[in-house]
Amino acid sequence: MDVQTQLRHINEEIIEVCKKSGRNREEISIIAVTKYVTPERAKEALDAGIVHLGENRDDELLRKQEILGSDPVWHFIGSLQSRKVKNIIGKVAYIHSLDRLSLAKEIDKRASSAVDCFVQVNTSMEPSKHGLTREEVVPFLKELKSFPNIRVVGLMTMAPHTEDEEQIRSCFRLLRTLRQEVQALKLPYAPCHELSMGMSNDYKIAVEEGATFIRIGSSLVGNQTGGANS
Ligand SMILES: *Cc1c(COP(=O)(O)O)cnc(C)c1O
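Residues numbered from 1 in each chain as written. Predicted model: local features only at pLDDT ≥ 70, side-chain atom pairs only at ≥ 80, totals over all residues. Heavy atoms only, no water.

Named according to an unreviewed UniProt entry, the protein is Pyridoxal phosphate homeostasis protein originating from Bacillus gobiensis. Quoted verbatim from the Sequence similarities (unreviewed entry) field of the UniProt record, the comment on the protein reads "Belongs to the pyridoxal phosphate-binding protein YggS/PROSC family." (UniProt positions renumbered as here; feature names shortened; annotations may be inferred.)

When the terminal C-alpha atoms of helix 1 (residues 3-21) are compared, their 27 Å separation across 19 residues agrees well with the 27 Å that a helix rising 1.5 Å per residue should span. For helix 1, the full list of buried residues reads Val 3, Gln 6, Leu 7, Ile 10, Ile 14, Val 17 and Cys 18. Down the axis of helix 1, the buried set is contained in an arc of 105°. They therefore lie on one face. When the buried face of helix 1 is taken as reference, the exposed residues oriented beyond 90 degrees from it are Glu 12, Glu 16, Lys 19 and Lys 20. Turning to helix 1, the residues buried within the fold contact strand 1 (29-33), helix 2 (39-47), helix 8 (203-208), strand 8 (213-216) and helix 9 (218-221). Of the residues trailing helix 1, Gly 22 is marked for its positive phi of about 65°. (Helix = DSSP H or I, 4+ residues; strand = E, 2+ residues; numbered from the N terminus. Expected span 1.5 Å × (residues − 1). Buried < 20%, exposed > 50% of the residue type's maximum accessible area, 1.4 Å probe, protein only. Arc of directions from axis to C-beta. Contact = heavy atoms within 4.5 Å.)

Now for the packing of helix 2 against helix 3 (residues 58-68). Contact geometry for helix 2 and helix 3: axes closest at 10 Å, N-to-C directions at 60°. Considering their axes alone, helix 2 and helix 3 lie oblique with respect to each other. Between helix 2 and helix 3 lies a crossing of right-handed hand. Only Arg 63, Lys 64, Ile 67 and Leu 68 of helix 3 make contact with helix 2, whose side of the interface consists of Pro 39, Ala 42, Lys 43 and Leu 46. Across the contact of helix 2 with helix 3, the residue classes tally to five nonpolar, no polar and three charged. (Axes fitted to C-alpha atoms, helices over the stretch in contact; angles between N-to-C directions. Parallel < 35°, antiparallel > 145°, perpendicular 65-115°, else oblique. Left-handed = near helix turned anticlockwise from the far one by under 90°. Nonpolar A, V, L, I, M, F, W, Y, C, P; charged D, E, K, R; others polar.)

See below:
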């Protein structure tokens, strides 16, 4: 299926959910997650009107950026090793995976101005998932005070892979609740107005629960790895 058709379908779904839940479509941005596909396929997404691109590896992000330029808004969405930070600083508009002080320290050191970050939260409590526990979020936010180049624009989470919609929904609700807690702190470096949540399988639930950035790979651009037929 071509990206334009997929995007039209996703947009219709989002508009419908917005109507149902009393939200404004303008509040929600789609990040096309292009980690599985070629730069050509990512270009199709841009041609279809996509503005935001997400990648989870530094080398692949830089390779695609070389081809597609810096007009798209680039998001780093995967877990980030501290030694890779220097490769992406200045190249990405957002980092979605801030989950430890050592990483904050490295970003702060390498950046020449404030970097927009999402704090990643493990809302499902699965041991395999990255992110802070709910209890860790507020203390972590307070500690970021010592890093002037970190600006927390929002929170990010990944829901579990499950058919159980209520379980998914409760993860997204928790993220929204945590956003309120962070906003109540009124930290100048953490406006925290965004919620990065929802992927191909669960973005409709995420939009219902308040997502402002949804990260969609497979159902928008497909999930073939490189190669001639992707
Ligand atoms: C791969 C990935 C996505 C997109 O996943 P799909 O299920 O293909 O939409 C979203 N967020 C993160 C953090 C990812 O790694």
